[in-house]
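# Observations on chain architecture
As a plain string of letters, each chain reads:
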Amino acid sequence: MKLRHRETGQETKLGGSLLVGRLPECDLKLDDGSISRRHAQVSAQSGSFFVKDLDSSNGVLHNGRRVKECQLHPGDLLTFGVVAFDVVGEEGESESVPTSSPVEASSSDRARERMRAEARSSRRSSGLGDLNQLSGGMQLMVGALSLVFLWGLIQVLRFLI
């Protein structure tokens with residue numbers, strides 16, 4: 001099976017394990033603000049492929065429904081954040097699994113467009129939105145630096161008053 005990017009048509013062959021995210025070491029690197037550093041894992045198990053959300057900020061949608069983990073079939077629509085992929089079977093592989101109806105497809109397209117608009121809006125996080133994806137040590141360091149910053153701000157205010 002392959003993942004075909006809906007906008008670019010670029011195909012990624014599935015096999016073994018595939019890490020999806022923004023980090024350079026990801027197997028499928030997606031440069032989009034709606035994608036977490038380590039967004040999802042696509043892996044082969046017993047001849048089938050499964051996708052697992054790695055606690056991403058914007059989630060994984062399978063045929064328009066948010067999932068934590070699910071099995072993939074040819075004809076499925078898989079969306080990481082707002083980046084959509086079609087699951088494509090290899091030559092001779094059956095695509096008898098029903099795809100979403102036109103109503104579901106249009107609602108998932110609307111949901112994807114809404115998420116894209118939210119990602120572009122000014123309310124968007126400015127880089128610390130993925131704190132839960134940082135290691136425990138890094139989270140502790142960010143918390144400590146925040147406290148030091150607040151302490152410094154209080155000292156400046158005390159000096160000015």
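The structure we're discussing is the one just above.
Here's what I pulled together on the structure shown here. All values reported here derive from a predicted model rather than from experimental measurement.

Each value, and the rule that gives it
Residues numbered from 1 in each chain as written. Predicted model: local features only at pLDDT ≥ 70, side-chain atom pairs only at ≥ 80, totals over all residues. Heavy atoms only, no water. Pairing = 2+ DSSP bridges. Helix = DSSP H or I, 4+ residues; strand = E, 2+ residues; numbered from the N terminus. Axes fitted to C-alpha atoms, helices over the stretch in contact; angles between N-to-C directions. Salt bridge = Lys/Arg side-chain N within 4 Å of Asp/Glu carboxyl O. Phe/Tyr/Trp six-rings, centres within 6.5 Å; stacked < 30°, edge-to-face > 60°. Buried < 20%, exposed > 50% of the residue type's maximum accessible area, 1.4 Å probe, protein only. Core = buried A, V, L, I, M, F, W, Y, C linked by side-chain atoms within 4.5 Å. Contact = heavy atoms within 4.5 Å.

## Some details on the sheet that holds strand E7 (residues 60-62)
Spatially, the six strands line up as an open sheet ordered E2-E1-E11-E10-E7-E8, and their pairing is antiparallel. On the outer flanks of this sheet lie strand E2 (11-13) and strand E8 (65-67), each paired with one strand and no other. Each strand axis lies, on average, 30° off the axis of its neighbour in the sheet, ignoring direction. In terms of strand pairing, strand E1 (residues 2-5) meets strand E11 (residues 83-88) through four bridges, oriented antiparallel. Looking at the pairing, Arg4 lines up with Asp86 of E11.

## Concerning the sheet that holds strand E9 (residues 69-72)
Pairing is mixed across the open sheet formed by five strands, whose spatial order is E4-E3-E5-E6-E9. The open sheet has two edge strands, strand E4 (28-29) and E9, and neither has a second partner. Pairing of strand E6 (residues 48-53) with E9, which is carried by four bridges, proceeds in the antiparallel orientation. Bridge pairing in E9 places Phe50 opposite Gln71.

## Considering the pattern of salt bridges
Applying the stated criterion across every chain, the model contains five salt bridges. A salt bridge links Glu11 to Arg4, with the nearest nitrogen and oxygen atoms 2.7 Å apart. Put simply, Asp86 and Arg6 hold a salt bridge, and the shortest N to O gap is 2.9 Å. Taken together, the residues span a long stretch of sequence, with Asp86 in strand E11 and Arg6 in the loop between E1 and E2 at a distance of 80 residues.

## Section: the packing of aromatic side chains
Under the criterion given, the structure shown has one aromatic pair. A ring pair is formed by Phe80 and Phe85, whose centres lie 5.7 Å apart and whose planes are at 65°; its orientation type is edge-to-face. Take Phe85: its relative accessible area is 1%, and that puts it in the buried class.

## A few points about the nonpolar core
Membership of the largest hydrophobic core comes to 21 residues, with the highest contact counts inside it found for Leu3, Val51, Leu72 and Phe80. At the level of secondary structure, the elements contributing two or more residues to this core comprise strand E3 (17-21), strand E5 (40-45), E6, E9, strand E10 (77-80) and E11. By residue number, the principal contributor to this core is E11, which donates three residues. Look past the residues within four positions of Leu72 in its chain and what remains in contact with it is Met1, Leu14, Val42, Phe49, Val51, His62, Leu78 and Val87.

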